[in-house]
Amino acid sequence: MAPTLCSKCSTLRFYDLFNDDVVFHPDLNSLVQSAKKCESCSLWWTQVQRTCAKEDIAACLAKKLPAKAVRSSDNGDFKIYLRGEWHPAGTASVPDQIWLSCGVFVSAVGHDAPSKLQTNLVVFADPFAAGADPATTAGGLFAGRYSTSALHPEYHTTFAKNTLANCRRGHGVCNQACPPGTRQMPTRVIDVGDQTLPAAKRVTRIVLSKDLKQPQPYTALSYCWGSGTQAMLNDTNLADFLKLLPESRLSKTHVEAIDLTRLLGIRYLWIDALCIIQKNQKDWEAESKRMSSVYGNAELTIIAGRSPDSGLGFLTNNYLTTKKHPKPVPMRAGPNPHTGEGPDLGTVYLTMQRGKSVGPVDTRGWCFQEALLSNRALVFGEDQVFYQCRQHTRYEDGCVDVDVSKRGQALTSLHPDTKPEVLRRWYQMLVSFTPRALTEPHDIFACIVSVALITHGVLKSRYLAGLWECDMPRGLLRKHFRPIEKPSASPFTKRPGEVPGKPVIRAPSWSWAYVTGPVFWDTNPRIESRWTDAKNICIRPRDSKGLWTNQSGAGNPDVLFIPALELQVFGKAVEVSCTKVMKKHTPLTPEGIMLEPVKPASSGPAKSSYIALGYFDFPSDPMPANVWCLLVVAHDGLLLTRDGKGKFHRVGWFAVQDGKQFEAVKETAVDLV
């Protein structure tokens, strides 16, 4: 049914608004009244209320100048204007859109005089509009598309085919990263059936890649298991699944991944639950170390981002209902907005701008490296579908993001002479990874093992419980300004001495993997010398060869479980007492503890009793029986506690204005566990 539009909205054309301010309503009150009958005005008024400050809206309704507005000659102009913004397809990081403002739009009067009130709606074209020549339809010039359960629900397949074909055809960097002839397939894949046969004769089954005559293209699935994962591969059903994989017993996400793979014309698919033998520790460990190959060699990774549970599926986009947004409204496009030439392009649509978030998958630990390692990925995000590869990310709404560094892909492409950059990317990656959740807490090293192996290939350094031996001082100084916790056991944890629901030991106390929650490191390249200049380093390994630990077997990046590892170092350690609490100054800054030496050296480590400001990793825990400051670099160090065996455990970190407080402290042997 055609929407109800007012006389103004029924005659508006995008062409008329392009790069020009057009009066839409005499004032905001007029828009409010029109919104009662006109669906387009209603959409605009709803967007104003969602995105603009209440006090600004009230001021404009009363025709008063909002407090934020800069006084200028146009202060008395309370008309409502529309202004169009259009970009050639595939060239902008923002979608085609129309801005609404009270007073002339900000870009017309300068950024130093903001509009009294402004908001925007985005523009998209119908991907299936009729027209013999696509160049004469709106879809030929407007890049944005829109697909939900109620409007073009099948468009994701068209989008996937087009973007994948364009990538194969024109993206040299993507093709070079994974040449078809050199691909190594996973140990097992799902054969979704010969597409040349009728559907009734196709057989879905597990196949061993070694039995195929040559490597074949395949897709890989990244998703949240949840409680909906049903049929899984195990030692008992392996022989049966090699003959027939019963789709009726699979979770909805698995079935939809199979259907999508078929629609893309690809015959093979990899899903962890169906291609790794579950509850088989030997197979799990072997396959966990091959994730770089599994996802890196996939023709396409399907990321079921919007689904929190595999039983729910991921293809259906319920964006309108879950966000409770009004439905899109049509408007005339007019001729080519850039040239003003040619016939009317037909109809375009206005809607609220959709977000770019991935969804629940972005909160899961295992899914992190799956996306990071993928050469090409089709992401079913919370609001829209998007395609990301090594060259760019293209969104359904027409946006194109060419900043691939946000995916940390430099880890897979940098050379040995870029080690400082690789280390920075490693720490930045951990900042994104550490807030994520794991069902099984002991998987902390396993679920980034492939990224560690790639990084090791560049650094050629030993990997010590998540830290690189070539950068230990910085690695030891993890910090946190938001709450972190001790990892708790899952119901599946079955390790000696561990009780479900109680904290578990999955790494030594000095490792970032010892805690659960967001941590960070100093990665500012302008002060890189802080970590590379020996004059700034106040801690060193006791081993004459420069090894930070002599523990047998330490340093291998493909070790999946590292619950304990001892470091043997020399450093300046001072026992301290905790005195005054320094209250936090911002929501992101924790409370600091004033630290004073218990037994100052004869010459005194400092002229004043105050030696440092400390921050405990777990502030709610009881105060340790003893606390020590171990200076690591000139201004920062570790808070430690000493156990009955003389071993030191990390309990936090501290900061000092300079290292002079430690000048008189003698270097001593410290064993960190």
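Each remark here, short or long, concerns the structure printed above.
The model shown is predicted, which means the values in this text are computed figures rather than measured ones.

Student: Describe the sheet that holds strand S1 (residues 22-25), with residues and values.
Tutor: Read from one edge to the other, the open sheet built from six strands follows the order S1-S2-S3-S4-S11-S10, with strand pairing classed as antiparallel. Each edge of the open sheet carries a strand with a single partner, namely S1 and strand S10 (329-332). Mean inter-strand twist for the sheet, computed between neighbouring axes without regard to direction, equals 35 degrees. One ladder, built from three bridges, connects S1 with strand S2 (residues 80-85); its direction is antiparallel. Of the residues in S2, the one forming a bridge with valine 22 is leucine 82. Sheet strands in contact with helix H4 (residues 39-51) are S1, S2, strand S3 (97-102), strand S4 (117-125), S10 and strand S11 (347-351), and its direction is about 130 degrees off that of S4.

Student: I'd like to hear about the environment of serine 101, residue by residue, with values.
Tutor: Mapped onto the fold, serine 101 is located in strand S3. In this view, serine 101 contacts Lys79, Ile80, Tyr81, Ser115, Leu117 and Gln118; residues no more than four positions away in its chain are not counted. Here glycine 103 takes part through its backbone oxygen, which lies 2.6 Å from a polar atom of the side chain of serine 101.

Student: I'd like a rundown of the pattern of salt bridges, residues and numbers included.
Tutor: One pass over the full model with this rule turns up 31 salt bridges. Measuring nitrogen to oxygen at the nearest pair gives 3.5 Å for the salt bridge that ties aspartate 211 to lysine 210. When the shortest N-O distance is used, the salt bridge between lysine 479 and aspartate 636 registers 3.4 Å. Taken together, the residues span a long stretch of sequence, with lysine 479 in the loop between helix H18 (472-476) and helix H19 (529-532) and aspartate 636 in strand S23 (residues 636-642) at a distance of 157 residues. Accessibility classification places lysine 479 together with aspartate 636 in one group, the buried group. One salt-bridge network, in which partners are shared between bridges, spans Glu421, Arg424, Arg425, Asp471, Arg474 and Glu528.

Cut-off values and rules
Residues numbered from 1 in each chain as written. Predicted model: local features only at pLDDT ≥ 70, side-chain atom pairs only at ≥ 80, totals over all residues. Heavy atoms only, no water. Pairing = 2+ DSSP bridges. Helix = DSSP H or I, 4+ residues; strand = E, 2+ residues; numbered from the N terminus. Axes fitted to C-alpha atoms, helices over the stretch in contact; angles between N-to-C directions. Contact = heavy atoms within 4.5 Å. Polar contact = N/O pair within 3.5 Å; in protein donor to acceptor, adjacent residues only side chain to side chain. Salt bridge = Lys/Arg side-chain N within 4 Å of Asp/Glu carboxyl O. Buried < 20%, exposed > 50% of the residue type's maximum accessible area, 1.4 Å probe, protein only.

Structural measurements only, silent on function.
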